[in-house]
Amino acid sequence: MPFLGQDWRSPGQSWVKTEEGWKKTTTDDKNNNVSVQSFCKEAEEEESFNKENLLLSFSYDMAAKKRKKDLMNNNTKVPYFHREKWIYVHKGSTKERHGYCTLGEAFNRLDFCSAIKDTRRFNYVVRLLELIAKSQLPSLSGVAQKNYMNILERVVQKVLDDQQNVRPIKELLQTLYVSLCGLVQDMGKSVLVGNINIWVHRMENILQWQQQLDNIQINRPTNTGMTLTDLPASLQLNIMHSLSDGRDLVSLGQVCPELGTLTEDRLLWKKLCQYHFTDRQIRKRLLVSDKGHLEWKKMYFKLSRCYPHREQYSDTLHFCTHCHILFWKDINHPCTANNPESCTMSLSPQDFINLFKF
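The structure presented is a predicted model; accordingly, all values stated were derived computationally and were not measured.

Novice: Could you clarify how one ought to interpret the packing of helix H9 (residues 246-253) against helix H11 (residues 266-276) in this entry?
Specialist: The axes of two packed helices give the description: the angle between them and the distance between them. At a minimum axis separation of 11 Å, H9 and H11 run at an interaxial angle of 160 degrees. Considered as vectors, H9 and H11 are oriented roughly antiparallel to each other. Where H9 approaches H11, its residues Gly246, Leu249 and Val250 are matched on the opposing element by Leu268, Trp269 and Leu272. Among the residues forming the contact of H9 with H11, the class breakdown is five nonpolar, one polar and no charged.

Novice: What am I meant to see in H11 here?
Specialist: Given 3.6 residues per turn, any residue in an α-helix points the same way as the ones three and four places further on. Where H11 is concerned, the buried positions are Leu268, Trp269, Leu272, Cys273 and His276. In an axial view of H11, the angular spread of the buried residues amounts to 135 degrees, which keeps them on one side of the axis. In this fold, the buried residues of H11 make contact with helix H8 (233-241), H9, helix H10 (257-262), helix H12 (279-284) and helix H13 (296-306). The opening residue of H11 is Asp265, an N-cap whose side-chain oxygen sits 3.3 Å from the backbone nitrogen of Leu267.

Novice: Looking at this structure, I do not really get the side chain of His276. What am I missing?
Specialist: Checked against the element boundaries, His276 lands in helix H11. Among the polar contacts made by the side chain of His276, one reaches the main-chain carbonyl oxygen of Ser244 at a distance of 2.6 Å. Those residues in contact with His276 that sit more than four places away from it in its chain are Ser244, Tyr300, Pro308, His309 and Arg310.

Novice: Which parts of the structure should I look at to understand the environment of Gln281?
Specialist: Along the polypeptide, Gln281 turns up in helix H12. As a C-alpha pair, Gln281 and Tyr307 span 26 residues in sequence and 8.2 Å in three-dimensional space. Apart from residues lying up to four places away in sequence, Gln281 is in contact with Leu303 and Tyr307.

Novice: What is the right way to read the pattern of salt bridges from this model?
Specialist: Enumeration according to the criterion identifies 13 salt bridges in this entry. The residue Lys170 makes a salt bridge to Asp214 at a minimum N-O spacing of 3.2 Å. Placement of the pair is Lys170 in helix H6 (residues 166-184) and Asp214 in helix H7 (residues 196-214), with a sequence separation of 44 residues. For Lys297, the salt bridge is made with Glu264, and the minimal N-O distance between the two is 2.8 Å. A residue pair is termed long-range when its members are at least 10 positions apart, and Lys297 in helix H13 and Glu264 in the loop between H10 and H11 qualify at 33 residues. Sharing partners across several salt bridges, the network here consists of Arg167, Glu171, Asp245, Arg247 and Asp248.

Cut-off values and rules
- Residues numbered from 1 in each chain as written.
- Predicted model: local features only at pLDDT ≥ 70, side-chain atom pairs only at ≥ 80, totals over all residues.
- Heavy atoms only, no water.
- Axes fitted to C-alpha atoms, helices over the stretch in contact; angles between N-to-C directions.
- Helix = DSSP H or I, 4+ residues; strand = E, 2+ residues; numbered from the N terminus.
- Parallel < 35°, antiparallel > 145°, perpendicular 65-115°, else oblique.
- Contact = heavy atoms within 4.5 Å.
- Nonpolar A, V, L, I, M, F, W, Y, C, P; charged D, E, K, R; others polar.
- Buried < 20%, exposed > 50% of the residue type's maximum accessible area, 1.4 Å probe, protein only.
- Arc of directions from axis to C-beta.
- Polar contact = N/O pair within 3.5 Å; in protein donor to acceptor, adjacent residues only side chain to side chain.
- Salt bridge = Lys/Arg side-chain N within 4 Å of Asp/Glu carboxyl O.

Treat this as a map of the structure, not an account of what it does.
As structure tokens, then:
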């Protein structure tokens, strides 16, 4: 049996097993082998270290370039969203379902991208975006916040293309900008998700959109047919009665002196006051002229500063209290109730937000 340790009969030698068998090696040979092995190992470690540094520096460069590109071009795309016609709103965990539906989840899953293309739903979506901008933006997830900005960009682009609904979009952008000015200052408190530079860039986009809306010029129609001023005064007055915003009446009265005279009709402003405000609210803000007549126009704008206007939309979101399903008005859902109409309620934009306050 070979002696595995250092041979006491020949100091400085040891037995080493090789392919040819056991051989004696001196201490110098062993030190040379150890030095060669250590040198090779150091060389391999250095080469591996250099490769790792090269890969890390390459990945850092790629990440930095991507962040710069996303920041400058705002090309951060939102992941796939479920554009569902209806969603189930669950407020707690059950044996069948775990978790609950949040405002951000509903905002992502419902098809709002197609809703802004529908004239009946456009004002509803704009009002919903405005309410979220006022108080609910920090409650959205990072994906929902990014989706919010993408939908807002589509809304602005639609207004620029159609040259319609300019004023409500200006008000929406102003509300959002004021809210972001306060939220960006509290970035360390986790009120907004993402890098502060991304939100600063989004605020710059809002200012740019506001500038584009200010520079918009309504193109006059090319046809030479009959216009509003060519109609009889009675028809013009009937058309004015269909307007629900007093600011539209003021703008219409600035077109020509004839329309300006019609827009001062007391009955016109009286119906506006009675449409938007209750009798109790009107009695608290009575204004009487020197001749003893009620100043309905002045009362309207005074009431508008004190109370919210009545909201009316062509199409709204509906909620089934039996199935707990949220859906658009003209889209049916698989209701299991005997009388689906009795358990279906229309939701205003504020009711939609309140639905997710647990």
